[in-house]
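Secondary and tertiary structure notes
Spelled out, the chains give:
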4 protein chains.
Amino acid sequence: MALGRIRTDLALETKEKFEEDNVEIRGVIIEEDYNEEKDIRTTTVKIETENGAKAMGRPQGVYITLEAPNMSVPDEDYHREISKELAKHIKKLVPVEKELTALVVGLGNRDVTPDALGPDVVSNLHITRHVIQEYGVQSMGKEYANSISGLVPGVMAQTGMETLEIIRGVVDETKPDVVFAVDALAARSTKRLNRTIQITDTGINPGSGVGNHRNGLSEETLGVKVIGIGVPTVVDAATIVQDSMAHLLDTLEESEKKEFLEEMISPSLHSMFVTPKDVDETIKRLSYTISEGLNMAFEQA
Amino acid sequence: MALGRIRTDLALETKEKFEEDNVEIRGVIIEEDYNEEKDIRTTTVKIETENGAKAMGRPQGVYITLEAPNMSVPDEDYHREISKELAKHIKKLVPVEKELTALVVGLGNRDVTPDALGPDVVSNLHITRHVIQEYGVQSMGKEYANSISGLVPGVMAQTGMETLEIIRGVVDETKPDVVFAVDALAARSTKRLNRTIQITDTGINPGSGVGNHRNGLSEETLGVKVIGIGVPTVVDAATIVQDSMAHLLDTLEESEKKEFLEEMISPSLHSMFVTPKDVDETIKRLSYTISEGLNMAFEQA
Amino acid sequence: MALGRIRTDLALETKEKFEEDNVEIRGVIIEEDYNEEKDIRTTTVKIETENGAKAMGRPQGVYITLEAPNMSVPDEDYHREISKELAKHIKKLVPVEKELTALVVGLGNRDVTPDALGPDVVSNLHITRHVIQEYGVQSMGKEYANSISGLVPGVMAQTGMETLEIIRGVVDETKPDVVFAVDALAARSTKRLNRTIQITDTGINPGSGVGNHRNGLSEETLGVKVIGIGVPTVVDAATIVQDSMAHLLDTLEESEKKEFLEEMISPSLHSMFVTPKDVDETIKRLSYTISEGLNMAFEQA
Amino acid sequence: MALGRIRTDLALETKEKFEEDNVEIRGVIIEEDYNEEKDIRTTTVKIETENGAKAMGRPQGVYITLEAPNMSVPDEDYHREISKELAKHIKKLVPVEKELTALVVGLGNRDVTPDALGPDVVSNLHITRHVIQEYGVQSMGKEYANSISGLVPGVMAQTGMETLEIIRGVVDETKPDVVFAVDALAARSTKRLNRTIQITDTGINPGSGVGNHRNGLSEETLGVKVIGIGVPTVVDAATIVQDSMAHLLDTLEESEKKEFLEEMISPSLHSMFVTPKDVDETIKRLSYTISEGLNMAFEQA
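Residues numbered from 1 in each chain as written. Chains lettered and ligands numbered in written order. Predicted model: local features only at pLDDT ≥ 70, side-chain atom pairs only at ≥ 80, totals over all residues. Heavy atoms only, no water.

A closer look at the packing of helix 7 (residues 163-174) of chain B against helix 7 (residues 163-174) of chain D
Axis separation between helix 7 of chain B and helix 7 of chain D bottoms out at 7 Å; the angle between their running directions is 120°. Taken together, helix 7 of chain B and helix 7 of chain D sit at an angle that is classed as oblique. Judged by the sense of rotation from one axis to the other, the crossing of helix 7 of chain B with helix 7 of chain D is right-handed. Across the interface between the two elements, E165, I166, R168, G169, V170, D172, E173 and T174 of chain B of helix 7 of chain B pack against E165, I166, R168, G169, V170, D172, E173 and T174 of chain D of helix 7 of chain D. (Axes fitted to C-alpha atoms, helices over the stretch in contact; angles between N-to-C directions. Helix = DSSP H or I, 4+ residues; strand = E, 2+ residues; numbered from the N terminus. Parallel < 35°, antiparallel > 145°, perpendicular 65-115°, else oblique. Left-handed = near helix turned anticlockwise from the far one by under 90°. Contact = heavy atoms within 4.5 Å.)

So, in structure tokens, the structure goes:
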């Protein structure tokens, strides 16, 4: 029924939905880990078969989710711990060998606060490619160094181009080994907002992100490995209404439900999002936490 | 019942709520005007008695609302018409005489897109006070000129001070004849967003605005006349859920309603807002339309 | 001698330098026009031979310069006139035929005020490509419409990539008919700042712009016609010192001159620029004037 | 002679000028300290008499200057050392006792990159006043806590008001024990840019700062102690030219000098400044270093 259309960019939430409904999905492996001291919960969802992919509504691959309730709280030491965890997972997904060349893409609209996560992450990265190209690795004062470049492509309303077109052009021209695509995501539940990071080796899926990318960024579309890193910063307005009504609707017949939902969810809600009022402070902190995680992964290499 | 708590900063929406419920309020006069050619609807709500104020939940005074469906659309000529209408109403509320001194205050958080309306309006104003103070009115190349100053106080999380404290200090020091307070508002309905301007001679009420001002800005608190100019740019997340459920709830008993609402509206929803995805473009256009309206009012004087 | 190295991105200033020295250059044609009513001076420098190009230190092509003393003054009507002039020249250089596809690139660093001209121009453009791609030309409500896209690539310190690499990638992918590259330029004289627009069919030359592009953008490097549009917003700090000393140095012997210059121009000066204190207001106005010029050229087509 | 008018906001540079000329000033005490390990040079200039104040062209008081060549280089650990030094000096000038209430003012224009230092510092401060006012000191999880507020008043071209008017109003209303005024300064020498911090108990002097404050901020004008914290981020364009010519002029007669200078320094140069091209990165780092210094001073209290 209609609730199935509830939108989430988090594999974790799709998994939870199935658990709620007591449905088991074949081809999907779940691993959970909880670090009590740091209060970080790590869930790994591995979609291993075409069947699992179909059931989960997302491509085969690994989806790692870090949940840390204090992520949206200003505590520098705690954020450093999250950056370290992030770096650890990145290095597992992309064995950062000597002289890796990586392009980090900051997706989203820098002029809409909850969508500015990606652009803000890129602005705090240690960019090295131009220095290495000009003066060689030894100029970095190390035996070897990774070559990092960064791009903020903007959104379609600003550029008239699909994000995929811009990035594919730049990838073809500069030939990085791997692309990291950082994006603000939509969650199903407001409880998840700004305290969850999803890292996946499947890139960015079509229809995900605050602005709903029409085309995904993946090895298939870009020709190089794409790691997607996302934080849910909004919930779709239609989702929040549906979700709030779910229990109430349980008292109704299935046919009545559908009617109610169609009547009640104004179409304009689908172009609106829900986000916390202090989103400016949260995005500032989270983008710094993620760029530090990337910097660590690239530098400790 | 609980729905009464639905939050709106628009007198117009409170009026409509009463009309829905077929309640007539004494002490409140409504005038409506529709300009078909320009497609601008003007509603004037005059709260004339203490009784009317109590019923409407807002102070006695005049609340003018311009509704223009195309306000959120990029059409320069149309926006000029709205600026003109706005200037007309401002000059009715504040007879702009020769040598008026006015302080325009841009309320809200410039770092949260739908709350940046006020700061953006101030950045497009023609500020004249310092020139007149230094070189005299004749330096403006006119027989007389109004003395306009502007202030963007920031929000409490950034300053640690109430907006009222900052503005009262500046008003005491610079002694303007009138304060214009421009703010992003919360509407009850998403249909109202970014296509409505409210102008009132009652200033800014406590609890209004995206960030919920704790203290109002009014002649009572500032000692000078305060004109409030607001555009609804968000709907409270709790409101949108309540509203969506209203019809559904009508099938229930009153006592059940209350229970449902309390269960269903997560407390965190009260610190969240709903806003359109293209809010950046909308705020840019609307703030320009309003600052042009103010510039016209001050210059044609 | 050393003064020859004085840096300017304006063909007009190079021409003037030759005139000062009473040198005539073959292969270079100068046309001047002065519109007294509008107080706009238009100088067209045509470099027609390889010899002329060598002497002028820039590629063969047409360089049109609009000089308008009031360009840095806030007068909307006057700025509209400049936009119209700009549109006229653009349409002469690029016969805007039906269904032109153009990519407008905003060069420079949006975080350094005098270098933000290009990015600011792109943010005020009417972007149409995505609408035409999705819904067809008829959706624009016109018989035909030009397909306009925009890109703000950032600067090398932010991206680790050459601007040329990024733009070449995007051009290869999206195949526009023509690229417009908008950039903040360096002038030789502070008198020229923010009151001059240069339009050229040679694109952007290596070493030009506030940030000194290492590689030019031209038909040769991009494979499509490139129109460069620039406004001088800074003077190199070394240039201003050299220029100020020029007269004083005239009293010295040639050998003494060189010694003095070498001693006096601190190497660090070459990484510094001179710009007016009110550069924020100026850039805001000028970028709007230029984007309006581009919008006019594309829409009146 | 004219060179005496060379503008600097650094007491240290005025002192050096006197040393160059072998002039000793009575009533001025100099203390120097060099921390070799950290490569931080600390110079304390104490102006103790009216005579000394007259000679130095600045009020009686203490001027502490931290010089750290690597201050403009991205090295987090090094910046932490500078923050610590800054905190140490702040706590010497303002014995931060229990329950101090401080207002930190970020002077300058946030839209002009080298002038954005003050506004950027305020945006990274830990603001506590509103929390303490609302929930009491115990809510901070400490036995006692300082009450910190912050204000970004904007510049006169944006507000039409003198900075002094705005701050005096806010100080009268909120009654802090002490005001910290953070500002971008003008140095005489480009060598000093972005590697020097001046801390003084005399506040901000008239005519100082990038935008030349017309009225100073001091205990005399505000009624509470004012600590000025400044970093030179620009050199006046006129100064750089004068300075470059100084040696050359030494070969001329005194009367010739004056004539040359008057002829050569274009009046427009006085409204221009010189700053490095990478000023965006530098301001970002320095503002963070200073806000961390302030946060440390307030928190370790």
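Some words on the pairing of strand 2 (residues 40-47) of chain B
Residues and elements named next belong to chain B. In terms of burial, strand 2 is a largely internal element, 6 of the 8 residues being buried. Relative to strand 3 (residues 61-67), strand 2 is paired through 7 bridges, and the arrangement is antiparallel. Its bridge partner being in strand 3, T44 is matched across the sheet by I64. (Buried < 20%, exposed > 50% of the residue type's maximum accessible area, 1.4 Å probe, protein only. Pairing = 2+ DSSP bridges.)

Overview of the relation of the copies chain B and chain A
Mapping chain B onto chain A is achieved by rotating through 180° and translating by 0.0 Å along the same axis, at an RMSD of 0.1 Å. Given the turn and translation reported, the copies of this chain are related as if by a two-fold rotation axis. Distance from the rotation axis, computed per C-alpha, reaches its smallest value in chain B at V274 of chain B: 2.2 Å. The overlap is high: 100% of the interface residues of chain B also sit at the interface in chain A, so the same surface is used on both sides. (Least-squares fit on C-alpha atoms with pLDDT ≥ 70 in both.)

Examining the interface of chain B and chain A
Listed by partner, the interface residues are 33 residues for chain B and 33 residues for chain A. Each partner contributes to the roughly 2,700 Å² buried at the junction of chain B and chain A, and carbon and sulfur atoms together form 67% of this total. Counting every contact that joins chain B to chain A gives 11 residue pairs in polar contact (both at pLDDT 80 or more). Looking at the side of chain B that touches chain A, the elements that each hand over two or more residues are helix 9 (237-249), helix 10 (254-264), strand 9 (272-276) and helix 11 (279-299) of chain B. Here the side of chain B that touches chain A takes 7 residues from helix 9 of chain B, the largest share from any one element. (Buried area = accessible area lost by both parts, 1.4 Å probe. Polar contact = N/O pair within 3.5 Å; in protein donor to acceptor, adjacent residues only side chain to side chain.)

A look at the interface of chain B and chain D
Opposite the 28 residues of chain B that make contact, chain D presents 28 residues. In this assembly, chain B packs against chain D so that about 2,100 Å² is buried in total across both faces, 52% of it on carbon and sulfur atoms. Summed over the three residues of chain B that lose the most area to chain D, namely H130, M161 and E173 of chain B, the buried surface amounts to 25% of that side. The interface formed by chain B and chain D holds 6 salt bridges in total. We note a salt bridge from R214 of chain D to E134 of chain B, for which the minimum N-O separation is 2.2 Å. If you list the elements that add at least two residues to the side of chain B that touches chain D, you get helix 5 (129-135), strand 5 (147-151), helix 6 (156-159) and helix 7 of chain B. (Salt bridge = Lys/Arg side-chain N within 4 Å of Asp/Glu carboxyl O.)

Structural notes on the relation of the copies chain B and chain D
It takes a turn of 180° to lay chain B on chain D, together with a shift of 0.0 Å along the axis; the resulting RMSD is 0.0 Å. Same-surface contact between copies: 100% of interface residues of chain B are shared with the interface of chain D.

Section: the packing of aromatic side chains
All names here are of chain C. Following the criterion strictly, the structure yields 4 aromatic pairs over all chains and no others. Arranged with centres 5.4 Å apart and planes meeting at 75°, the rings of F180 and F298 form a pair that is edge-to-face. Here F180 is found in strand 6 (residues 178-187), whereas its partner F298 is found in helix 11 (residues 279-299), with 118 residues between them in sequence. On the basis of relative accessible area, F298 is assigned to the buried category, the value being 5%. (Phe/Tyr/Trp six-rings, centres within 6.5 Å; stacked < 30°, edge-to-face > 60°.)

Concerning unusual backbone geometry
Residues and elements named next belong to chain A. You will see that D39, though not glycine, has its phi angle at about 55°, which is positive. Relative to the helices and strands, D39 resides in the loop between strand 1 (28-35) and strand 2 (40-47). Residue classification places D39 among the partly exposed residues on the basis of a relative accessible area of 23%.

Considerations on helix 7 (residues 163-174) of chain C
Since the α-helix turns once every 3.6 residues, residues separated by three or four places project in the same direction. All names here are of chain C. With 12 residues, helix 7 should cover 16 Å at 1.5 Å per step; its first-to-last C-alpha distance of 16 Å lies within 8% of that length. Taking burial as the measure, the 12 residues of helix 7 include 9 buried ones, the bulk of the element. Within helix 7, burial applies to T163, L164, E165, I166, I167, G169, V170, V171 and T174. Backbone geometry just downstream of helix 7 places K175 in the positive-phi region, at approximately 50°. (Expected span 1.5 Å × (residues − 1).)

Considerations on the side chain of T275 of chain B
With respect to the helices and strands, the residue T275 of chain B is situated in strand 9. For T275 of chain B, a relative accessible area of 0% gives the class buried. Within polar-contact distance, the side chain of T275 of chain B engages the backbone oxygen of T233 of chain B at 2.8 Å. Other than its neighbours up to four places away in sequence, T275 of chain B contacts M272 and F273 of chain A together with P114, T233 and V234 of chain B.

Description of the packing of helix 3 (residues 76-93) of chain B against helix 11 of chain B
Residue and element names in this part refer to chain B. Taken N-terminus to C-terminus, the directions of helix 3 and helix 11 make an angle of 45°; their axes are 8 Å apart at the nearest point. Considering their axes alone, helix 3 and helix 11 lie oblique with respect to each other. Where helix 3 crosses over helix 11, the handedness of that crossing is right-handed. Here H79, R80, I82, S83, K84, L86, A87, I90 and K91 of helix 3 lie close against helix 11, whose contacting residues are R285, T289, I290, E292, G293, L294, M296 and A297. Residue classes in the contact of helix 3 with helix 11 are distributed as 8 nonpolar, 4 polar and 5 charged. (Nonpolar A, V, L, I, M, F, W, Y, C, P; charged D, E, K, R; others polar.)

Brief notes about the side chain of S291 of chain B
All names here are of chain B. By the element assignment, S291 lies in helix 11. Taking the relative accessible area as the measure of exposure, S291 reaches 0% and is therefore buried. Beyond its immediate sequence surroundings of up to four residues, S291 is in contact with V121, N124 and L125.

Focus on the pairing of strand 6 (residues 178-187) of chain A
All names here are of chain A. By the criterion of burial, strand 6 is predominantly enclosed, with 10 of the 10 residues buried. Going residue by residue along strand 6, you find V178, F180, V182, A184 and A186 tucked away on one face and V179, A181, D183, L185 and A187 tucked away on the opposite face as well. Bridge analysis of strand 4 (residues 101-106) against strand 6 gives 5 bridges, and the strand direction is parallel. Note on strand 6: the bridge partner recorded for V104 is F180. Where strand 6 lies against strand 8 (residues 225-236), 10 bridges are found, and the strand directions are parallel. Directly across from V182, in strand 8, lies its bridge partner I229.

Observations concerning the environment of N205 of chain C
Residue and element names in this part refer to chain C. Tracing the chain through its elements places N205 in the loop between strand 7 (196-200) and helix 8 (219-222). For the pair N205 and D75, spaced 130 residues apart in sequence, the C-alpha separation works out to 32 Å. Not counting residues within four places of it along the chain, the set of residues in contact with N205 comprises R58, P59, Y63 and G216.

Any link to function would need more than the numbers given here.
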